[in-house]
Amino acid sequence: MTIQEIVATIKSKQPEIRSVYFVGCGASMSELFPGKYFLENNAKRLRVSLYTANNFNYSTPEAVDDTAIVITCSLSGGTPETVAASKLAMEKGAHVISVTIDPESNLAKASEYQLIHGFYESYGAKMEKPANVLALACEILNEYEGYAHYDDIQDGLTKIYDLINDSVKYLLPAAQKFAEENYDAPLLYCMASGATQYVAYSFSSFLMMEMQWLPASSFHTGEFFHGPFEMADENAHYLLLMNDGPTRPMDARALTFLQRMHAKVTVVDAKDYGLSSCIRQSVVEYFNPLLIGGILRVYAEQMAIKRNHPLTMRRYMWKLEY
């Protein structure tokens with residue numbers, strides 16, 4: 001079923017939806033955030049939440065019932081906590097949509113509806129998961145409340161993959177410079193705002209800490225001046241993700257301070273890759289995490305090369321009982 005067919009089918013069964021829950025673990029939870037952010041920003045009546053799967057399992061919201069849509073996400077479709085969350089939501093009568101690459105996975109089987117996406121085909125394909133979730137969030141909003149910029153989102157979704165794939169052709173020198181300057185950083189601070197804030201979290205927690213064993217942390221640029229800026233000096237390493245859209249002033253303010261303190265800062269700016277030249281201004285902020293997320297895969301790959309540490313290397317994950 002298409003996204004449109006899934007949402008239309010749910011509405012035919014349940015004319016009133018009150019809550020939408022986005023549920024996943026790790027990078028998959030992070031890639032649910034753009035859809036959650038979009039829906040939370042634009043819905044007037046729908047209640048919207050993002051949960052890590054086991055929190056959802058151990059402390060299940062009372063509103064998970066037949067008036068709720070639960071969107072569960074796992075790349076492989078095998079994450080045990082997310083599969084359990086999907087089953088739990090089904091048992092409580094929610095309308096459960098899984099997002100995965102494998103239609104035969106446990107997650108897909110534990111849901112009423114499935115969104116199957118690509119990943120390995122290109123850098124653009126690596127962003128199909130969050131793009132599909134954004135499309136799903138837009139469809140839910142439009143079906144249940146209406147959305148004035150629905151066509152603008154649809155137009156952007158037809159263009160974002162090509163923009164990502166075109167952008168990565170030119171950013172290798174910048175990615176190599178980032179790796180050279182940060183491969184032995186004692187701690188890498190990753191910063192972003194708006195729809196992109198969980199891209200910073202994902203890059204620090206998963207691409208750096210999980211896949212590179214490199215100490216990293218992340219925080220919202222709007223919070224930078226409420227504590228974290230005390231760490232800024234000439235020895236501190238930062239990755240700043242700059243949005244094209246309404247939250248950009250927070251990113252720019254943080255950059256000005258980092259430069260003033262002579263910190264070691266790498267900037268990945270959506271404007272440098274022409275985001276607003278192909279995405280309409282009314283919805284451009286929601287496409288920042290897709291573009292920047294695709295670009296950062298190259299940054300992570302170059303870090304892995306510089307550190308002689310493949311992104312697939314693990315000490316504990318998939319090797320121990322935990």
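Undergrad: Describe the overall build of the chain, listing the residues and the values that go with them.
TA: Assigned secondary structure in the chain consists of 12 helices and nine strands. Radius of gyration (C-alpha) of the chain: 19 Å, near the 20 Å computed for a compact globule of 322 residues. Here the C-alpha coordinates of the chain stretch approximately 60 × 50 × 40 Å along the principal axes. Put simply, the chain has 322 residues, and 57% of those count as buried.

Undergrad: Account for the packing of aromatic side chains, with residues named and values stated.
TA: Across all of its chains, the model carries 23 aromatic pairs by this definition. Their ring planes at 50° and their centres at 6.0 Å tell us that Tyr189 and Phe219 sit as a pair that is tilted. Here Tyr189, found in strand β6 (residues 188-192), pairs with Phe219, found in strand β7 (residues 216-220); they are 30 residues apart in sequence, far enough to count as distant. Phe219 shares its class with Tyr189; the two are buried. An aromatic cluster is built from Phe33, Tyr37, Phe38, Tyr147, Tyr198, Tyr201, Phe206 and Tyr286, whose rings are joined through pairwise contacts. Looking at Arg253, its charged tip hangs above the ring of Phe225, at a distance of 3.9 Å from the centre.

Undergrad: Which residues make up the sheet that holds strand β3 (residues 68-73), and what values go with them?
TA: Backbone-to-backbone hydrogen bonds pair the strands of a sheet. The strands run either parallel or antiparallel. On the basis of which strands lie adjacent, the open sheet formed by five strands has the order β2-β1-β3-β4-β5 and parallel pairing. Edge positions in the open sheet fall to β2 (47-52) and β5 (113-116), since each of these has one partner strand only. Across the sheet, the mean angle separating the axes of adjacent strands is 20° when strand polarity is ignored. In terms of strand pairing, strand β1 (residues 19-24) meets β2 through six bridges, oriented parallel. Paired with Tyr21 across the two strands is Ser49, which belongs to β2. On the sheet, helix α2 (residues 26-42) packs against β1, β2 and β3 and is oriented at approximately 170° with respect to β2. Sheet strands in contact with helix α6 (residues 128-144) are β1, β3, β4 (95-100) and β5, and its direction is about 175° off that of β3.

Undergrad: Give me the side chain of His237: which residues, what numbers.
TA: Within the secondary structure, His237 is located in strand β8 (residues 237-242). At a separation of 3.4 Å, a polar atom in the side chain of His237 contacts the main-chain carbonyl oxygen of Glu181. Polar contacts involving the side chain of His237 include one to the side chain of Asn182, which spans 2.9 Å.

Undergrad: Explain the environment of Gly118 to me, using residue names and the numbers behind them.
TA: Residue placement: Gly118 occurs in the loop between β5 and α6. Each C-alpha atom of the pair Gly118 and Arg280 lies 25 Å from the other, and the pair is 162 residues apart in sequence.

Cut-offs and rules
Residues numbered from 1 in each chain as written. Predicted model: local features only at pLDDT ≥ 70, side-chain atom pairs only at ≥ 80, totals over all residues. Heavy atoms only, no water. Helix = DSSP H or I, 4+ residues; strand = E, 2+ residues; numbered from the N terminus. Rg over C-alpha atoms; globule rule 2.2 N^0.38 Å. Buried < 20%, exposed > 50% of the residue type's maximum accessible area, 1.4 Å probe, protein only. Phe/Tyr/Trp six-rings, centres within 6.5 Å; stacked < 30°, edge-to-face > 60°. Lys NZ or Arg CZ within 6 Å of the ring centre and 35° of its normal. Pairing = 2+ DSSP bridges. Axes fitted to C-alpha atoms, helices over the stretch in contact; angles between N-to-C directions. Contact = heavy atoms within 4.5 Å. Polar contact = N/O pair within 3.5 Å; in protein donor to acceptor, adjacent residues only side chain to side chain.

The quantities given are spatial measurements derived from coordinates; they are silent on function.
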